[in-house]
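Summary of structural features
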Amino acid sequence: MDSRKSPLFIVFDGMDGTGKTTQMRLLYERLTAEGIPVELTAEPTDMESGRHLRRVLSGSESAGNSEVATLFLLDRIAHNTHPERGIRRCLSDGMTVLCDRYYYSSMAYQGQGDSFNWVARMNLDCPDVLRPDGCIFFDMEPYASMARIRAGRPDEALEIYETVAQQERIRARYARVRDYLADRDLICTVDADGTVAEVAARVWEAYCKIRQAHGKVN
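Structural notes, computed from the coordinates.

Calculation notes
- Residues numbered from 1 in each chain as written.
- Predicted model: local features only at pLDDT ≥ 70, side-chain atom pairs only at ≥ 80, totals over all residues.
- Heavy atoms only, no water.
- Helix = DSSP H or I, 4+ residues; strand = E, 2+ residues; numbered from the N terminus.
- Buried < 20%, exposed > 50% of the residue type's maximum accessible area, 1.4 Å probe, protein only.
- Polar contact = N/O pair within 3.5 Å; in protein donor to acceptor, adjacent residues only side chain to side chain.
- Salt bridge = Lys/Arg side-chain N within 4 Å of Asp/Glu carboxyl O.
- Pairing = 2+ DSSP bridges.
- Expected span 1.5 Å × (residues − 1).
- Contact = heavy atoms within 4.5 Å.

1. Some thoughts on the side chain of Thr 18
Its location among the elements puts Thr 18 in the loop between β1 (9-14) and α1 (20-33). Relative accessible area serves as the criterion here: at 1%, Thr 18 is assigned to the buried category. Here Met 15 takes part through its backbone oxygen, which lies 2.8 Å from a polar atom of the side chain of Thr 18.

2. A closer look at the pattern of salt bridges
As enumerated under the stated definition, the model contains 13 salt bridges in all. Glu 43 is paired through a salt bridge with Arg 76; the nearest N and O atoms lie 2.8 Å apart. Separated by 33 residues along the polypeptide, Glu 43 in the loop between β2 (38-42) and α2 (48-58) and Arg 76 in helix α3 (residues 65-81) bring together distant segments of the chain. With respect to burial, Glu 43 and Arg 76 carry one shared label: buried. Between Arg 171 and Asp 139 there is a salt bridge whose closest N-O contact spans 3.0 Å. Of this pair, Arg 171 sits in helix α8 (residues 164-180) while Asp 139 sits in strand β4 (residues 134-139); the two residues are 32 residues apart in sequence, bridging distant segments of the chain. A relative accessible area of 16% places Asp 139 in the buried class.

3. Thoughts on the pairing of strand β3 (residues 96-100)
A large share of β3 lies buried, amounting to five of its five residues. With burial as the criterion, each face of β3 is covered, one bearing Thr 96, Leu 98 and Asp 100 and the other bearing Val 97 and Cys 99. Summarising the sheet, β1 and β3 pair through four bridges and their orientation is parallel. Across the sheet, the residue bridging to Phe 9 is Val 97, located in β3. Summarising the sheet, β2 and β3 pair through five bridges and their orientation is parallel. Residue Thr 41 lies in a different strand from β3, and its bridge partner there is Cys 99.

4. Description of α3
For α3, with 17 residues, the first-to-last C-alpha span of 25 Å sits near the 24 Å given by 1.5 Å per residue. Contacts from the buried residues of α3 go to β2, α2, α4 (87-92), β3, α5 (103-109) and α6 (115-124).

Structure follows, in structure tokens:
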């Protein structure tokens, strides 16, 4: 078997407005063109657990921080274990999985203050939550990311986390997440400021680093 086609589980994470979803699609297209089978997925999922979360994030339903963190974990478990569309099933079928957000987001968004260790441990210690082979983390100044969000959705209501002040706090929390997981997870930080092509080149370098780290090169 061509070692390049050995499946990987790679997460795209970072603040909103950094272009990670666009870049994930571009990597999908490049890998597909090279004959590598790829599955795109995201959190929250499109399962009932994910639809409930989206209602909470939009503000149409209320939930406390601990409840939101728990809802994310329940959705993540379903995401991993679904018998037909789950991450484990895709990997067992030989597909590389590119996932938009994972437990890094939970730790950054719901891991506030004393909740950080609790949110971290319930995700990292859960046997049904796979550890990714690597995370491509998108970093950007909060003002720039919010400008992108507003430009991309001028007529849509923003989610509860989409303010500059919130983004500044979340960026600092993401830095804490990366420090916390530095000896556990392979996290490749990508500067998200630049043209689509410039950032795509950085993403490809990160992807190659992850593949090489897992010995999946010829």
